[in-house]
Amino acid sequence: MLTNNKNVISWVDEMVALCKPDKVVWIDGSEEQLTALRNEAIATGEMEELNKEKLPGCLLHRTLPNDVARVEARTFICSRKEEDAGPTNNWCDPKEMYAKLTPMYDGVMKGRTMYVIPYSMGPIGSPLAKVGVELTDSIYVVLNMDIMTRMGQNAFKNLGDTSNDFVRGLHSKADIDPEKRYIVHFPEDNTIWSINSAYGGNVLLGKKCFALRIASYQGKNEGWMAEHMLILGIENPQGEVTYVTAAFPSACGKTNLAMLVPPEIYAKEGYKVWTVGDDIAWLKQGDDGKLYAINPENGFFGVAPGTNAKSNPNALASTKKNTIFTNVAHNLDDNTVWWEGLDKNPPENAVDWTNQKWNGKTSDIKGAHPNSRFTAPAKNCPCISSEFDNPNGVPISAMIFGGRRAKTSPLVYQSFDWKHGVFVGATMASETTAAATGAVGVVRRDPMAMLPFCGYHMGDYFAHWLEMGEKLGENAPKIFNVNWFRTDDEGHFIWPGFGDNMRVLMWIIGRCKGTADAVETPIGYEPKPEDINIEGLDIDVNTVKDLLNVDIDLWKEEAKGIEEFFAKFGDKLPAELSKQLSDLKARLSK
Ligand code: OXD
Ligand code: MN
């Protein structure tokens, strides 16, 4: 045992009595213990050790084909009252859910070892950090948690001997039976139960389950925010850094923006971009009144396909050592890994992610699963911020929302104020692409990119955002919306994206500093076309004008869509958001 905390000890005892493992191992986080676990996983075939010269410390793992992604249909928020989970979550009465799952955990770890993983979300000792303990029968989970969190004995330091403020996570692979898979949150008990999966998003309980679903609920009660946002800093040639956060639905390039490489025109002047986080931000008002953010994680759980030296050199560099690859192709010639979009040279002598013989040159099936992942330590990232471990976080000047819209949203606009910004975030949407199954171009609303991750009623979540704005007052970050995905009549993207998105961030920062101009439109403030720097791009100012165009008819349609979406929330929808909608309609009709 690594702690004297009675709450931890009695809960672990209770779960041991339920799961009946042969052995219980407390994870202290020492290199010695981790090396032994790596060796055990390699010996049993759970993981494969990769090329020691090219990928030192790296491991390869494959999950079962039925277990490759988060399962929203089997993810539950079990608050005592159904209305506290809200219309966007699956709900079940907690008593009923405990009664259903307890027999499934009964004796589930017979013949297995239970690992007790203490971890901190956020730098140890940070006033914004929180402690979790995850119990699991998977070495893969232990080794991933070591990368994704501050794991081990030190995590208990923040808790002390008497506190009960820790998140209780119980995970068992069980039989990896998809019919009996459950990812269940009991926000009022600080508890997460996950069973019958071994895929990252379902089993690394510090990430989506704790740092978003449970933490969003804690944040509402304790006056802070847990958001699905990247955090980045832009340093100017004078050495001043301005920090922004940004929320986008999946498949909109969040990790790429977080690790952006400045285009030549800015790089030569001495501008730099620093990554604080690529997925989750915890935000709290500081003593000086400003809003501060920490990244609660310690690593990146990134999608491998599409990551390459051009799209995201910093992410690729992060994966070159001490990284765990899941469900990528295995190059048998040099014992390295490959995925679609890595380069134009797929291996011929390989196995695909299902461990079948695979020739990348001739096969027309994919070598890596589209949701294959790398788990890489944040400190591997060449552009990791020097403030990454700052316990007080970084001050946020702007918050950015965005989605994938072919025509409706302009390249960038600024909300009129915080309240209007909450409306902009609450009405965020993406259009489905050909990459997903189902119809193309269907608008999916995903407020603040939190639809699958909000641990309570989204109407109350919007109200919490509005309250935070009241508290922050003059210090509230400015709120923006961006859209990198406008297309021309042939369906081609107009804006170059990637590193060139910095050109838009520069206008955003100018607005925060009061140095950039804007024009008022019915949907918010926009740059003048000439205020977006296009030096070195092969687009002209008329193209920027098109990118900024607000089509009133499309926006009238948009307002109808928003009205339908808002109806879902019934009387939990804050009156302020209905008012924002009618104000928008009035401005569109002027
Ligand atoms: C993720 C997600 O894996 O949002 O980060 O799905
Ligand atoms: Mn995410």
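Above this note sits the structure.
All residue numbers refer to positions counted from 1 along the written sequence of the respective chain. Lettering of chains starts at A and numbering of ligands starts at 1, both following the order in which they are written. The model is predicted, so local features are restricted to residues of pLDDT at least 70 and side-chain atom pairs to those at 80 or more, both for listing and for counting; the totals for chains, interfaces and linings are taken over all residues. In computing side-chain values, all of the structure's heavy atoms are included and hydrogens and water are not.

Peer 1: Before we go on, may I ask you to explain the overall build of the protein in this structure?
Peer 2: Each helix is a run of DSSP H or I of at least 4 residues and each strand a run of E of at least 2, with the numbering of both proceeding from the N terminus. Within the protein, the regular secondary structure consists of 16 helices and 31 strands. With the radius of gyration taken over C-alpha atoms, the globule rule is written as 2.2 Å times the number of residues to the power 0.38. Against the 2.2 N^0.38 benchmark of 25 Å for 590 residues, the protein shows a C-alpha radius of gyration of 24 Å, consistent with a compact globule. In terms of principal-axis extent, the alpha carbons of the protein reach across some 70 × 55 × 50 Å. Residues classed as buried in the protein amount to 59% of the 590 residues present. Across the protein, contacts joining residues at least 24 apart in sequence account for 73% of those joining residues at least 6 apart. When the accessible surface of the protein is split by element, carbon and sulfur atoms take 48% of a total near 23300 Å². Accessible area is worked out with a 1.4 Å probe on protein chains only. A residue is then buried under 20% of its type maximum, exposed over 50%, and partly exposed in between. Two residues qualify as a contact provided that any one of their heavy atoms is within 4.5 Å of a heavy atom in the partner residue. Reported accessibility uses the Shrake-Rupley method at a 1.4 Å probe radius. Residues are deemed covered only where the shown protein chains occlude them.

Peer 1: What exactly am I supposed to notice about the coordination of the manganese ion (ligand 2) here?
Peer 2: Coordination angles at a metal have ideal targets, namely 109.5 degrees for four tetrahedral donors and 90 or 180 degrees for six octahedral donors. Donor atoms: N, O and S within 2.8 Å of the metal, or within 3.2 Å for Na, K and Ca. Because water is excluded, sites can look incomplete. Protein-derived coordination of the manganese ion (ligand 2) comes from Lys208 (NZ), His228 (NE2) and Asp279 (OD), at a distance range of 2.1 to 2.2 Å. Judged by its relative accessible area of 9%, aspartate 279 falls in the buried class.

Peer 1: Sorry, what's going on with the pattern of salt bridges here?
Peer 2: Between side chains of opposite charge, a pair can form as their charged atoms come close. For this document, the term salt bridge refers to a Lys or Arg side-chain nitrogen within 4 Å of an Asp or Glu carboxyl oxygen. A complete count under the given rule lists 30 salt bridges for this structure. Taking the shortest distance from any N to any O, the salt bridge between lysine 20 and aspartate 106 comes out at 2.6 Å. Separated by 86 residues along the polypeptide, lysine 20 in the loop between helix H1 (6-19) and strand S1 (23-26) and aspartate 106 in the loop between helix H4 (94-105) and strand S6 (113-121) bring together distant segments of the chain. Where glutamate 431 meets arginine 405, a salt bridge forms, and the shortest distance between an N and an O atom there is 2.8 Å. Separated by 26 residues along the polypeptide, glutamate 431 in strand S27 (residues 429-431) and arginine 405 in the loop between strand S25 (394-402) and strand S26 (412-414) bring together distant segments of the chain. The two residues glutamate 431 and arginine 405 agree in class, both being buried. Here the residues in one salt-bridge network are Lys207, Lys208, Lys254, Asp279 and Glu297, joined through shared partners.

Peer 1: It is not clear to me how the site of ligand 1 should be interpreted in this structure. Could you clarify?
Peer 2: Throughout, the term near means that a residue has one or more heavy atoms lying within 4 Å of the molecule or strand in question. As a structural note, the neighbourhood of ligand 1 is formed by Arg70, Lys208, His228, Ser250, Asp279, Arg373 and Phe453. Within the contact set of ligand 1, an oxygen atom lies 2.8 Å away from a side-chain nitrogen or oxygen of arginine 70. Within 3.5 Å is the distance limit for a polar contact, defined as a pair of N or O atoms, with the added protein rule that one can donate a hydrogen and the other accept it, and that residues adjacent in sequence qualify only through two side-chain atoms. At a separation of 3.3 Å, an oxygen atom of ligand 1 approaches a polar side-chain atom of histidine 228. Protein burial of ligand 1: of its 210 Å² of free accessible surface, 84% is covered by the chains. Its residues assigned to classes, the shell around ligand 1 comprises one nonpolar, two polar and four charged. Here the nonpolar group is Ala, Val, Leu, Ile, Met, Phe, Trp, Tyr, Cys and Pro; Asp, Glu, Lys and Arg are the charged ones; every other residue, Gly included, is treated as polar.

Peer 1: Honestly, the nonpolar core in this entry has me stumped. Any pointers?
Peer 2: For soluble globular proteins, nonpolar side chains are generally found buried alongside one another. Each nonpolar core is a collection of buried residues, namely Ala, Val, Leu, Ile, Met, Phe, Trp, Tyr and Cys, held together in the definition by side-chain atoms within 4.5 Å. Core analysis: the largest hydrophobic core is formed by 92 residues, its most contacted members being Trp282 and Trp465. Broken down by element, this core gets its largest block of residues, eight residues, from helix H5 (residues 139-148). Judged by nonpolar contacts, the second largest core, of 63 residues, contains Leu50, Leu230, Ile265 and Ile508.

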